[in-house]
Amino acid sequence: MTAHPTLQAVRTTPEGLLWEPGERWVRGRTGDITVVDSRRPVLVWEPGVPVPLYAFPRADVRQDLLRPAKNPPVGTHTGSRIFYDLDLGGELLENAAWTFPAADLADHIAFEWFRRSGRGLDHWYEEEEEIFVHPRDPHKRVDAIMSSRHVQVSVDGTIVADTHRPVLLFETGLPTRYYIPREDVRLDLLEATEHHSGCPYKGTAEYWSWRGDADVPPNIVWSYPDPLPAVGPVKGLLAFYNEEVDITVDGERLERPVTHFSRKPPSM
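Please read all numbers here as calculations on a predicted model, not as lab measurements.

Conventions adopted
- Residues numbered from 1 in each chain as written.
- Predicted model: local features only at pLDDT ≥ 70, side-chain atom pairs only at ≥ 80, totals over all residues.
- Heavy atoms only, no water.
- Helix = DSSP H or I, 4+ residues; strand = E, 2+ residues; numbered from the N terminus.
- Buried < 20%, exposed > 50% of the residue type's maximum accessible area, 1.4 Å probe, protein only.
- Polar contact = N/O pair within 3.5 Å; in protein donor to acceptor, adjacent residues only side chain to side chain.
- Contact = heavy atoms within 4.5 Å.
- Phe/Tyr/Trp six-rings, centres within 6.5 Å; stacked < 30°, edge-to-face > 60°.
- Pairing = 2+ DSSP bridges.
- Axes fitted to C-alpha atoms, helices over the stretch in contact; angles between N-to-C directions.
- Core = buried A, V, L, I, M, F, W, Y, C linked by side-chain atoms within 4.5 Å.

Engineer: Looking at this model, I keep getting lost on the side chain of Arg27. Mind explaining?
Structural biologist: With respect to the element layout, Arg27 can be found in strand β3 (residues 26-30). Residue Arg27 is classed as buried on the basis of its relative accessible area, which comes to 11%. Within the structure, Arg27 has its side chain in polar contact with the backbone oxygen of Glu127 (distance 2.3 Å). Look past the residues within four positions of Arg27 in its chain and what remains in contact with it is Val36, Asp37, His123, Trp124, Tyr125, Glu127 and Glu128.

Engineer: Teacher, can you tell me more about the packing of aromatic side chains here?
Structural biologist: Think of a pair of aromatic rings as described by two things: how far the centres are apart, and how the planes are tilted against each other in angle. Counted according to the given criterion, the structure contains nine aromatic pairs. On the numbers, 5.8 Å between centres and 85 degrees between planes, the contact of Trp98 with Phe100 is edge-to-face. Phe100 gets classed as buried once you look at its relative accessible area, which sits at 4%. Ring centres 5.7 Å apart and planes at 50 degrees place the aromatic pair Tyr241 and Phe261 in the tilted group.

Engineer: I keep staring at the environment of Thr99 and nothing clicks. Help me out?
Structural biologist: Structurally, Thr99 can be placed in strand β9 (residues 92-99). Counting along the chain gives eleven residues from Thr99 to Ala110, while the straight-line C-alpha distance between them is 6.1 Å. The contacts of Thr99, once residues within four sequence positions are left out, are Arg58, Ser80, Ile82, Tyr84, His108 and Ile109.

Engineer: I would appreciate a short explanation of unusual backbone geometry in the present structure.
Structural biologist: Most peptide bonds adopt trans geometry, and most residues besides glycine take a negative phi value. In this structure, Val133 takes a positive phi of about 75 degrees despite not being glycine. Looking at the secondary structure, you find Val133 in the loop between β12 (129-131) and β13 (142-146). The exposure class of Val133 is buried, given its relative accessible area of 12%.

Engineer: Looking at this structure, I do not really get the pairing of β9. What am I missing?
Structural biologist: On a regular strand, one side chain projects to one face of the sheet and the next to the other, so that they alternate. Within β9, six of the eight residues are buried, leaving the element largely enclosed by the surrounding structure. When strand β8 (residues 82-87) meets β9, the two strands line up antiparallel, connected through five bridges. Residue pairing across strands places Tyr84 opposite Ala97, the latter belonging to β9. The antiparallel hairpin formed by β8 and β9 contains four residues in its connecting segment, where Gly89 sits at a positive phi of about 75 degrees. Bridging between β9 and strand β10 (residues 108-111) involves two bridges; their strand directions are antiparallel. If you follow Ala97 over to β10, its bridge partner there is Phe111.

Engineer: Sorry if this is basic, but what is going on with the sheet that holds strand β20 (residues 221-223) here?
Structural biologist: The pairing of strands in a sheet happens through backbone hydrogen bonds and is either parallel or antiparallel. Overall, antiparallel pairing links the four strands, which are arranged β18-β19-β20-β21 in an open sheet. Because the sheet does not close on itself, it has two edges, and the strands there are β18 (190-199) and β21 (238-240). Geometrically, the sheet is characterised by an average inter-axis angle of 30 degrees between neighbouring strands, direction not taken into account. Here β18 runs beside strand β19 (residues 203-210); their pairing, made up of seven bridges, is antiparallel. Opposite Ala192, over in β19, you have Trp208 as the bridge partner.

Engineer: Honestly, the nonpolar core in this entry has me stumped. Any pointers?
Structural biologist: The tendency in soluble globular proteins is for nonpolar side chains to be buried as a group. The biggest cluster of nonpolar side chains holds 40 residues, and the ones touching the most others in it are Val153, Val160, Tyr179, Trp210 and Phe240. With four residues, the single largest contributor to this core is β19. The residues touching Trp210, leaving out its near neighbours within four places in the chain, are Val155, Thr158, Val160, Leu189, Leu190, Val216 and Ile220. Listed in part, the 22 residues of the second largest apolar core include Val35, Phe56, Leu88 and Trp113.

Engineer: Looking at this structure, how should I read the side chain of Asp60?
Structural biologist: Tracing the sequence through the fold places Asp60 in the loop between β6 (53-57) and β7 (66-68). There is a polar contact of 3.1 Å between the side chain of Asp60 and the side chain of Arg40. The contact partners of Asp60, leaving out residues within four places of it in the chain, are Val35, Val36, Asp37, Ser38, Arg39 and Arg40.

Engineer: Where do I start with the sheet that holds strand β4 (residues 33-38) in this structure?
Structural biologist: Taken together, four strands build an open sheet; the order of strands is β4-β3-β11-β12 and the sheet is antiparallel. Two strands lie at the open edges of the sheet, namely β4 and β12, each paired on one side alone. With strand direction ignored, the average angle separating the axes of adjacent strands in the sheet is 25 degrees. Two elements, β3 and strand β11 (residues 123-126), share four bridges in a ladder whose sense is antiparallel. Each bridged residue has a counterpart across the sheet, and for Val26 the counterpart in β11 is Glu126.

Rendered as structure tokens:
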């Protein structure tokens, strides 16, 4: 009996790429043009990159819109040498697509996502749900759980949040994030910014910075005003970067974690 694709082990190429077949129906569009329409996507993890991307069989791609790249960034994307510009009838999106050097993926084409790299296709869908920034990792889990823990947040010794009704967000590979009702946050100590970021698991976040002179970076506080259904309990609540503030939970002060967000937030 042939193994179900989702039960197959993740495969490794000599170049260090990890990949596995996916089963979601994926479409990629720019404007009104559907460039990719595939029920056979492949998820690919590049070395040193924590999030996956999709590659698609050539037959599922509008290859008539692809042109050999005029200025290919040879060597990027794990040593790729073949890049394509996307011709949209007068508008040329440079280096919007490429093929990986791995023999296993030679017949697949990958694409840039505009909301991640600033170029490439600007709308992506899994089944009928639009997704943002990058594909969701099937090996990653995100849970938003209501709690009665006592959570305090301090910035440079000033308590800016104090609550007994947080929502704890557990996300694979990241420290627990403590989402706090606005009524329990000193909003007078924060200043809204124009920054926004997108997350394929949570939605689009808005940000605040610290008003004072403390040694903290900008945009250390965020909220999801309209989160995706899977994390609905965090709607409108505020979270602080554990990496840059002091958080005390049930009387125990947490160590500041070191992550790829340390000293350079955002994006969440």
